[in-house]
Each structure stands twice: as structure tokens, then as C-alpha cells.
Amino acid sequence: NSGAVFEYDLDDSASGNYYFVTGNAATAIEVEKTANPSTTASVIQDAANNPTESPDACLSSISDGTYIHIVCLDATNLSLEYSRFDMSTDTWSTTDVVIASLSGMSAPDTAVLLCSIVYRAGATDELVVTGPGLTDSNMGTGYQRVDLWRADVAVTTGGGWTGPVSIDAADAARDEWQ
């Protein structure tokens, strides 16, 4: 894989294979697989169906044992997007789902574009995504918000994302993202 790699995850699936999630502005998001990363080169999986978003700002992934859930911030299109790779079939099962459009943002909103994804197992398996929110102002000073979106794993293919919910106080003491 050429170019800058934003994420380098080693996901050991139930089959005993290792998966690497990579992405850069030139090749978008790719999933590579190998049986043994010490002795065998990894091979790109289902390249024909790779997501089309460009993870030029942020890429984060997590595995639940069956799927690799991926979130990226596409700074070119100003969107927070979700894709899902099925490790049991080595194919993309969901790509390019827009969780949120960030097109209404202006500086300093787009100055730091970070994102993360967490898988929470329970009675209802859930994905939680964080990303940049709109800027609030406190006595004339702008502060970056941190927002959260949630989705039941079963409904991520058709959207089903709730949010955004601000998870910070948007003040100088909590302005870690700027």
C-alpha cells in the first residue's frame, strides 16, 4: 500500500487470520489479510468494492469478531462516514454510509478533524462514534465541540445513526481538540 497509512490495526478474527485496515488519500480504505504477518505478505481483500470515501483526515476501526467496523472523516467531502467489512466472507458488506455531513462547519471546526469508533457488546450490540462538532462561542472565543453518534449494529447498513450529542462543555478547560 503506497502513501501515508492512517490506521494499522491487527484484527485476529475467529478464523485465525490477521486483518489490516489501511487508508490514504490516494487509495481510500483497504482491508488486507494474512495468515501469519511474520512470514506471509498480506493481500488486499475485495478491492473492487472498497469504500469510495477518502480518509484524508481520520480513520478508525474496531472488530467485533465477525465484522470490522470502520469510520473515517473525509475532509474533501466534509463528511463522517461508516463502512463495514465482513471477515467471514472477506467482502465489504456496507460502504460509504454518511453518519453526518460536516459541510456547515467553518474554522476552527475543520482545523482538527478527529474521529473514533467503539464497539459495545450487550443485549443490543452498539457502535459509538465520536467526531468534531460545531464551534460554540464563550465570551467571543470559539471552542471546538466533540459530538457523539450511536447505532445498533443491526441497523448500521440502513443508517439508523442517532446524534449528534455534544459530549463536552465547549470551554477553555475542555478544548483539547483545538
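Refer to the structure printed above.
Keep in mind that what you see is a predicted model, and the values were worked out from it rather than measured.

**Q** Got a minute to help me understand the overall build of the protein in this structure?
**A** Counting its secondary structure elements, the protein contains 0 helices and 12 strands. Each helix and strand of the protein, ordered N terminal to C terminal, gives the series β-β-β-β-β-β-β-β-β-β-β-β. Among the 178 residues that make up the protein, the fraction classed as buried is 45%.

**Q** Just to check I follow, could you spell out the packing of aromatic side chains for this structure?
**A** Aromatic ring pairs are defined here through the distance separating the ring centres and the angle between the ring planes. Overall, the coordinates contain 3 aromatic pairs when judged by the stated rule. An aromatic cluster of three or more residues is present, and its members are Tyr19, Phe85 and Trp92. Geometry around Tyr67 places Arg84 over its ring, the cationic atom sitting 4.2 Å from the centre.

**Q** I would appreciate a short explanation of the pairing of strand β7 (residues 79-86) in the present structure.
**A** When a strand is regular, its side chains alternate between the sheet's two faces. A large share of β7 lies buried, amounting to 8 of its 8 residues. The alternating pattern of β7 places Ser79, Glu81, Ser83 and Phe85 on one face and Leu80, Tyr82, Arg84 and Asp86 on the opposite face, and all of these are buried. Hairpin connection from strand β6 (residues 67-74) to β7: 4 residues lie between these consecutive antiparallel strands, with Leu78 at a positive phi of about 50°. Of the pairings in the sheet, the one linking β7 to strand β8 (residues 91-101) comprises 7 bridges and is antiparallel in character. Counterpart to Leu80 in the pairing with β8 is Ala100. With antiparallel pairing between neighbouring strands as the criterion, β7 and β8 make up a hairpin whose turn holds 4 residues, including Asp90 at a positive phi of roughly 55°.

**Q** Even after reading the chapter, I still don't get the side chain of Asp90, so can you show me in this structure?
**A** Along the polypeptide, Asp90 turns up in the loop between β7 and β8. Judged by its relative accessible area of 15%, Asp90 falls in the buried class. Engagement of the side chain of Asp90 in a polar contact is seen with the side chain of Tyr19, the distance being 2.5 Å. Contact partners of Asp90, with chain neighbours within four places excluded, come to Tyr19, Lys33, Gln45, Asp46 and Phe85.

Reading the values: the criteria
- Residues numbered from 1 in each chain as written.
- Predicted model: local features only at pLDDT ≥ 70, side-chain atom pairs only at ≥ 80, totals over all residues.
- Heavy atoms only, no water.
- Helix = DSSP H or I, 4+ residues; strand = E, 2+ residues; numbered from the N terminus.
- Buried < 20%, exposed > 50% of the residue type's maximum accessible area, 1.4 Å probe, protein only.
- Phe/Tyr/Trp six-rings, centres within 6.5 Å; stacked < 30°, edge-to-face > 60°.
- Lys NZ or Arg CZ within 6 Å of the ring centre and 35° of its normal.
- Pairing = 2+ DSSP bridges.
- Polar contact = N/O pair within 3.5 Å; in protein donor to acceptor, adjacent residues only side chain to side chain.
- Contact = heavy atoms within 4.5 Å.

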